[in-house]
4 protein chains.
Amino acid sequence: MASDGKVRIGVIGAGRIGKIHIENLVHRVPDAVVVAVADVALEDTKKWAAQYGITNVVADPKELIGDPTIDAIVICSPTSTHAEYVMEAAKAGKQIFCEKPIAQKLDATRQALEAVEKAGVKLQLGFNRRFDRNFNRIRHLVDSGEIGELHIVNITSRDPAPPPLEYVKVSGGIFMDMTIHDFDMARYLVGSDVVEVYAVGNVLIDPRIKDADDFDTAVTVLQFANGVVCTIDNSRQAVYGYDQRVEVFGSKGAAAAQNETPTKVTISNENGVTSDKPLYFFLERYMDSFAQEMNDFVTCIKEDTAPPVTGEDGLKSLLIAMAATKSAKEKRPVSLKEIG
Amino acid sequence: MASDGKVRIGVIGAGRIGKIHIENLVHRVPDAVVVAVADVALEDTKKWAAQYGITNVVADPKELIGDPTIDAIVICSPTSTHAEYVMEAAKAGKQIFCEKPIAQKLDATRQALEAVEKAGVKLQLGFNRRFDRNFNRIRHLVDSGEIGELHIVNITSRDPAPPPLEYVKVSGGIFMDMTIHDFDMARYLVGSDVVEVYAVGNVLIDPRIKDADDFDTAVTVLQFANGVVCTIDNSRQAVYGYDQRVEVFGSKGAAAAQNETPTKVTISNENGVTSDKPLYFFLERYMDSFAQEMNDFVTCIKEDTAPPVTGEDGLKSLLIAMAATKSAKEKRPVSLKEIG
Amino acid sequence: MASDGKVRIGVIGAGRIGKIHIENLVHRVPDAVVVAVADVALEDTKKWAAQYGITNVVADPKELIGDPTIDAIVICSPTSTHAEYVMEAAKAGKQIFCEKPIAQKLDATRQALEAVEKAGVKLQLGFNRRFDRNFNRIRHLVDSGEIGELHIVNITSRDPAPPPLEYVKVSGGIFMDMTIHDFDMARYLVGSDVVEVYAVGNVLIDPRIKDADDFDTAVTVLQFANGVVCTIDNSRQAVYGYDQRVEVFGSKGAAAAQNETPTKVTISNENGVTSDKPLYFFLERYMDSFAQEMNDFVTCIKEDTAPPVTGEDGLKSLLIAMAATKSAKEKRPVSLKEIG
Amino acid sequence: MASDGKVRIGVIGAGRIGKIHIENLVHRVPDAVVVAVADVALEDTKKWAAQYGITNVVADPKELIGDPTIDAIVICSPTSTHAEYVMEAAKAGKQIFCEKPIAQKLDATRQALEAVEKAGVKLQLGFNRRFDRNFNRIRHLVDSGEIGELHIVNITSRDPAPPPLEYVKVSGGIFMDMTIHDFDMARYLVGSDVVEVYAVGNVLIDPRIKDADDFDTAVTVLQFANGVVCTIDNSRQAVYGYDQRVEVFGSKGAAAAQNETPTKVTISNENGVTSDKPLYFFLERYMDSFAQEMNDFVTCIKEDTAPPVTGEDGLKSLLIAMAATKSAKEKRPVSLKEIG
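Residues numbered from 1 in each chain as written. Chains lettered and ligands numbered in written order. Predicted model: local features only at pLDDT ≥ 70, side-chain atom pairs only at ≥ 80, totals over all residues. Heavy atoms only, no water.

Student: Help me understand the overall build of chain A in this model?
Tutor: Broken down by element type, chain A carries twelve helices and 15 strands. For chain A, the C-alpha radius of gyration of 20 Å lies close to 20 Å, the compact-globule estimate for 340 residues. Counting only C-alpha atoms and orienting by the principal axes, one finds that chain A spans roughly 55 × 55 × 45 Å. Counting only contacts in chain A whose residues sit at least 6 apart along the sequence, the fraction spanning at least 24 positions is 72%. Of the accessible surface of chain A, which amounts to about 12700 Å², a share of 49% is contributed by carbon and sulfur atoms. Computed over 38 positive and 48 negative side-chain charges, the separation of the two mean positions in chain A equals 1 Å. (Helix = DSSP H or I, 4+ residues; strand = E, 2+ residues; numbered from the N terminus. Rg over C-alpha atoms; globule rule 2.2 N^0.38 Å. Contact = heavy atoms within 4.5 Å. Areas by Shrake-Rupley, 256 points an atom, 1.4 Å probe, with all protein chains shown as cover. Lys, Arg positive; Asp, Glu negative; His and termini not counted. Charge placed at Lys NZ, Arg CZ, Asp CG, Glu CD.)

As structure tokens, then:
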């Protein structure tokens, strides 16, 4: 940390999510300072970064990792590079924030986690939804016992439109790419380990997704060690926008998080009483959660506490995603014990 | 009362509201029996009444009023006849339910009330909205002190479409015909007397209503003796249907009654999230309240208690309506003391 | 049918649901007349029936079935007697309404359906929820194409409190007794056949239910022939009351039926903004649907059309319930082909 | 403007609202730069400003007004100083943003506006609610004709708790201090001039407010030149929080803005179904609107367009507030013509 107590951060990758993190770190995280950015699109990134007063822009991430004035590395580069940068940053003694997933493969993930553990640095995974105020509130209601003993969790998670087909092909499949957020959410809310997964996958939106050996519609059932059962329903295309809801049900009642909307305006006319569609997509819906996530990352460094989402959390959701993929393909429930 | 303990009822007028009362008395008021109906449309009414097992149908209301086997008279004939039938029924010692208003004139109203008092019979006025489960619940919240000391009441009361112009011409004006229900509702909720009225009337929907020396849009402010202020906004035409809402606000919180709807279904699509329009008009919205009103009328006869809405209530709302009419025309607040 | 065009009905069993059907037939089904009731509690039933003008009350159902003046039999006796009365009524040429299920066993069910088919009479099953205005509306939205091609259905169905343990023991299990309504609802909404069932059962509320070899909490996934996947979550105990919701999701949007409530009143105070709990239980929530169900039964007799819920519907839901029970016990998806 | 195209701003007054404007200008208004701050609490302000990289902090506002490198002045000092600083800033050729009101007196207000006009500079008044996304949306629905011809506007505006008594005494009264925001909102939504005001004021919360010759509860009716009637109900104390709602009603339908809440979570338990109270007070509810207001101020300078809220708007709302005060005291409607 610098003498002013600010955490000095280097960001690898200034694509869409990298830019969001940089903006948030600059404007909404008072205890952080972005000292350097690495991106292959060097000139564009330099121009863009200048408006935030960031002058140290490089093409090679290793320059950041090797920079002794940098305390923490935020990894926003393509998924395929995550594990490598995590390991190198760990070796260099940096605190690490890494977008999810660390890797699509179990081995690479475990290797990275081992490097982190060996180096004794912190690693926070980018499961940003935990920082959404709605889901956060639900979690606290569960924790505080207001819902009683938890029995059932229902998660609805639907995207407004499918990603480009090229992305689908390298995404690792719907469970690895999309549902993995819901797996982490389920684990976050339930506070127990998943023991068995049953998943049904369908292609109902775009047949080319079938050609890519993937699904565009999925229903998953998770059984937790503590007896909770969780359903998750996913679609790659909800014409009314990004549908992100959660309901928990227990012995003392239920709590539900409805969608966030652009306004609270309703219009009454001959067609009925109409309110807003949900906020369009994750950039709109989870805008605040991205800022909170960075704030909590910086806080855990400053206060030397455990990160709110760990590498272990990333590993566990990866295992569930692998089990779900296997379940959907083999059309049977898959025990977590079968995986890894 | 008959030996079976049932209240024997004669109904004067089998028009729209008369038919509703008869159906409710037959099917939903176990302690009542409709023994006779009077209507000028004798043949049609006979046919209609037969399906309810009612065989005693006459043209002349006085036959009912004079029938010694009848305990109570329900008056649903045109407004201009109310006062006369009330007085005759009172003289004949009958218990009386009368649709509102008793009369559009103060003298006639008072004369009728005096006849009722002299005869020592009961008179219940047809302010059916008091029996709506929503407004009833609001009243009980106020009564029980859950809202604390009451400060403000807001009533929204809009019809889906204006009545026929011929009706408007003899209606006594919007305050006497439409807002009078809201005046009674305000009195019911506040439990105090109105001391001053300020009303603004406009013609924004149909210029012919102006020609009839009436308004189609109105805003009224009532000041109550206990310090509560009540706003009422009326329109003769809400394109989304019958808008009937009430909000009370006090030192411990607020309570609001939203509109009732045909279903609880919402549709999410590219246009937004749409729920039902309110139930179309008073026959739909207040269906249950009409039945409850008859039940309570019969109960107050059986148990010899005061009717839940009295002739005095009718008189007081009439006075408020007269003050509101005067206020809107003279463009100044009118004290209730100025009237009657 | 009688010369007045009314369908003459005999009701077997005047317990809770029998009484509801009789009241509805008397008050809310103009084209029906209840001419006789059979119940073992002869004296009590006679007294109760008298208030509806029903004087023909007998102890032995066979008297009704044998009565040539009766057109239709409504069977509300205990489940164990359904199949027998269906068969006898069919043989006697009566139109039949039977509370669900026909039987808990496949053989008995099929035998009864064969008798019905052979006799060429109508048989309507008591899946009353199809007549609920909310679910009805959802079905019409699906049918009309407003939701587009259907992809996912989510059903939440939770009781306010578990039934008596003695009832649980003979109920056939949660899937046969409770979820079977949801199976029928899913079939009604999706309009396709279930091909595979996966169910998870838990005992989280009352350990004695485990002793009875049953579950009190269940999650079921249905796969339909047309690709739709349906989730159902059940609990025997929702402390906030009877939770009965449905959501359908498709290519053009989604539609959801929220719970019905006693009033539309909200209270704003220091604790938040609070609205009513759902209507307490099925008698409150489905009151109107029971009346509609009887109306439609009588209409299908008068107009000689197919009943809105057939014996075949009963059989199919039974098969799904058997598959779900098997799935929950064997912890694997069960194909409908495996059953029956 | 500086060579980088940024608008160079000096802020007078770094109290609560001044700090919010500075933070927003620094973090959320890319086209602005805060070059200097004036505040009497010099040392505290220096320390606070340093974290935003602002080093030029002075005690005397005139230093800012006289600084030729400054383009625009944002006035957040106490109300009693507004008019003077507006006039001086105008004379110095600065663009001006001034918190409302310019002055509590008509003369001082007019003098300031004349100085602004003479100098040919821009003056934007701090009616921040116009920038709230909800009210903004309502305005656009009215403008676009979606509501048809406007007939009725209802504004509910209640504070969570009364201000300190010392503040009440110098506030100019509830209509000048609190309702003035609603007057501007009404003008913004209706797009016409108020011609007559009727107001009722009460003291129902704290008798000391009566001693201060003010009201804590008020209902106001505004009549607009275009026939629209607007009701406003105010309370200084809503125990459930800051209640800020608007409803517009017209020939094609209605639009309503509900309260914003901390989360979209509902809890269902034995007490009912409870959702969040409104955001607590104006800092929470109007946080985004303050940023938008500054953005639009800077944009109107850069693009040399008229400010979205003008000095004229401030004057007109002041006149309405004066009329309302007079009306409440004299208990009669007051024409705007009577005032100034």
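Student: Got a minute to help me understand the relation of the copies chain A and chain C in this structure?
Tutor: For the pair of chain copies, the relating operation is a rotation around an axis with a shift along it. Mapping chain A onto chain C leaves a residual RMSD of 0.0 Å; the transformation is a rotation of 180° accompanied by 0.0 Å of translation along its axis. Each copy turns onto its partner about a two-fold axis. Across chain A, the rotation axis passes nearest the C-alpha of Arg332 of chain A, at a separation of 3.2 Å. When the interface residues of chain A are mapped onto chain C, 100% of them again lie at the interface, so the same face is used by both copies. (Least-squares fit on C-alpha atoms with pLDDT ≥ 70 in both.)

Student: Teacher, can you tell me more about the relation of the copies chain B and chain A here?
Tutor: Taken as rigid bodies, chain B and chain A are interconverted by a rotation of 180° and an axial shift of 0.0 Å, the fit giving an RMSD of 0.0 Å. Comparing contact sets, 100% of the residues at the interface of chain B also lie at the interface in chain A, consistent with an isologous, same-surface contact.

Student: How should I be thinking about the interface of chain A and chain C in this particular structure?
Tutor: A common way to state how big an interface is: give the accessible area lost once the parts meet. Each partner contributes residues to the interface: chain A has 36 residues there, and chain C has 36 residues. Surface buried jointly by chain A and chain C totals about 2800 Å² across both partners, of which 63% is contributed by carbon and sulfur atoms. Contact with chain C buries surface across chain A, with Tyr198, Leu204 and Phe249 of chain A losing the most and accounting together for 19% of the total. There are four salt bridges connecting chain A and chain C. With its nearest N and O atoms 3.1 Å apart, the salt bridge here joins Glu247 of chain A to Arg158 of chain C. Residue assignment for the side of chain A that touches chain C shows that the elements contributing at least two residues are strand 7 (150-158), strand 8 (194-202), strand 9 (217-224), strand 10 (229-235), strand 11 (243-250) and strand 12 (253-257) of chain A. Of the residues belonging to the side of chain A that touches chain C, the class tally is 14 nonpolar, 13 polar and nine charged. (Buried area = accessible area lost by both parts, 1.4 Å probe. Salt bridge = Lys/Arg side-chain N within 4 Å of Asp/Glu carboxyl O. Nonpolar A, V, L, I, M, F, W, Y, C, P; charged D, E, K, R; others polar.)

Student: Any chance you could explain the sheet that holds strand 2 (residues 32-38) of chain B here in plain terms?
Tutor: Whenever strands of a sheet pair, they do so through backbone hydrogen bonds, lying parallel or antiparallel. All names here are of chain B. Read from one edge of the open sheet, six strands run 3-2-1-4-5-6, paired in parallel fashion. Unpaired on one side and paired on the other, strand 3 (57-58) and strand 6 (123-125) mark the two borders of the sheet. The sheet contact formed by strand 5 (residues 95-98) and strand 6 spans three bridges and is parallel. Along strand 6, the bridge assignment pairs Cys98 with Leu125. Sitting on the sheet, helix 4 (residues 79-91) is in contact with strand 1 (7-12), strand 4 (72-75), strand 5 and strand 6, with an inclination near 170° to strand 5. (Pairing = 2+ DSSP bridges. Axes fitted to C-alpha atoms, helices over the stretch in contact; angles between N-to-C directions.)

Student: How should the environment of Ala112 of chain A be read in this particular structure?
Tutor: All names here are of chain A. Tracing the sequence through the fold places Ala112 in helix 5 (residues 106-119). Sequence-wise, Ala112 and Val29 are 83 residues apart; in three dimensions their C-alpha atoms are separated by 27 Å. For Ala112, the contacting residues outside a window of four places in its chain are Ala83, Val86, Met87 and Ile102.

Student: Sorry if this is basic, but what is going on with the interface of chain B and chain A here?
Tutor: Facing the twelve residues of chain B at the interface are twelve residues of chain A. Of the roughly 1000 Å² buried between chain B and chain A on both sides combined, carbon and sulfur atoms contribute 59%. Among the residues of chain B in contact with chain A, Glu270, Val273 and Lys277 of chain B are the three that bury the most area, contributing 39% of the side total. At the surface where chain B touches chain A, the tally comes to five residue pairs in polar contact (both at pLDDT 80 or more). Breaking the side of chain B that touches chain A down by element, the ones donating at least two residues are strand 13 (265-269) and strand 14 (272-275) of chain B. By residue number, the principal contributor to the side of chain B that touches chain A is strand 14 of chain B, which donates four residues. By residue class, the composition of the side of chain B that touches chain A is three nonpolar, six polar and three charged. (Polar contact = N/O pair within 3.5 Å; in protein donor to acceptor, adjacent residues only side chain to side chain.)

Student: Is there a simple way to think about the nonpolar core in this case?
Tutor: Generally speaking, a soluble globular protein has its nonpolar side chains buried in company with each other. Residues and elements named next belong to chain A. Counting residues in hydrophobic clusters, the biggest one holds 107 residues, and the most contacted among them are Ile96, Leu222 and Val248. With eleven residues, the top contributor of residues to this core is helix 8 (residues 174-190). Filtering out sequence-adjacent residues up to four positions away, Leu222 remains in contact with Phe183, Ala186, Val194, Glu196, Val197, Val228, Val229, Cys230, Ile232 and Ile320. (Core = buried A, V, L, I, M, F, W, Y, C linked by side-chain atoms within 4.5 Å. Buried < 20%, exposed > 50% of the residue type's maximum accessible area, 1.4 Å probe, protein only.)

Student: Any chance you could explain the packing of aromatic side chains here in plain terms?
Tutor: What characterises a pair of aromatic rings is the spacing of the ring centres plus the angle enclosed by the ring planes. One pass over the full model with this rule turns up 38 aromatic pairs over all chains. For the ring pair Phe249 of chain A and Tyr240 of chain C, a centre distance of 6.3 Å and an interplane angle of 85° mean the geometry is edge-to-face. Taken as a pair, Phe249 of chain A in strand 11 and Tyr240 of chain C in the loop between strand 10 (229-235) and strand 11 (243-250) lie in two separate chains rather than in one. Classification of Phe249 of chain A as buried rests on a relative accessible area of 0%. Here Phe135 of chain D and Tyr286 of chain D contribute two aromatic rings whose centre-to-centre distance is 6.5 Å and whose plane-to-plane angle is 45°, an arrangement assigned as tilted. Of this pair, Phe135 of chain D sits in helix 6 (residues 133-143) while Tyr286 of chain D is found in the loop between helix 10 (282-285) and helix 11 (287-302), placing the two residues 151 residues apart along the sequence. Using a relative accessible area of 1% as the deciding quantity, one classes Tyr286 of chain D as buried. Three or more aromatic residues link up through ring pairs in this structure, and these residues are Phe135, Tyr242, Tyr280, Phe281, Phe282 and Tyr286 of chain A. Over the ring of Trp48 of chain D we find Lys19 of chain D, and its NZ or CZ is 5.5 Å from the ring centre. (Phe/Tyr/Trp six-rings, centres within 6.5 Å; stacked < 30°, edge-to-face > 60°. Lys NZ or Arg CZ within 6 Å of the ring centre and 35° of its normal.)

Student: It is not clear to me how the pattern of salt bridges should be interpreted in this structure. Could you clarify?
Tutor: One side chain can pair with another of opposite charge once the charged atoms of both are near each other. Under the counting rule described, the total for this entry stands at 112 salt bridges over all chains. Between Asp288 of chain A and Arg28 of chain A there is a salt bridge, with its nearest N and O atoms 3.1 Å apart. One end of the pair, Asp288 of chain A, is in helix 11 (residues 287-302); the other, Arg28 of chain A, is in helix 1 (residues 16-28), with 260 residues separating them in the sequence. Notably, a salt bridge pairs Asp177 of chain B with Arg236 of chain B, separated by 2.9 Å at the nearest N-O pair. Pair noted here: Asp177 of chain B is in helix 8 (residues 174-190) and Arg236 of chain B is in the loop between strand 10 (229-235) and strand 11 (243-250), with a separation of 59 residues, a long-range link.

Student: Looking at this structure, how should I read the pairing of strand 7 of chain A?
Tutor: Two faces belong to every sheet, and in a regular strand the side chains alternate between them. Residue and element names in this part refer to chain A. Taken across its nine residues, strand 7 has nine buried, putting it largely inside the fold. Where strand 7 meets strand 11, eight bridges bridge the pair, whose relative direction is antiparallel. Bridging from a neighbouring strand, Thr156 pairs with Arg245 of strand 11. Strand direction decides the pairing type here: strand 7 and strand 10, joined by seven bridges, are parallel.

Student: How should helix 5 (residues 106-119) of chain C be read in this particular structure?
Tutor: Since the α-helix advances by 3.6 residues per turn, residues separated by three or four positions end up pointing in the same direction. Residue and element names in this part refer to chain C. Over its 14 residues, helix 5 extends 20 Å from the first C-alpha to the last, a length consistent with the 20 Å expected when each residue adds 1.5 Å. Among the structural elements, helix 4 (79-91), strand 5 (95-98), strand 6 (123-125) and helix 12 (311-330) are those in contact with the buried residues of helix 5. Looking one or two places after helix 5, you find Gly120, whose phi comes out positive at around 70°. (Expected span 1.5 Å × (residues − 1).)

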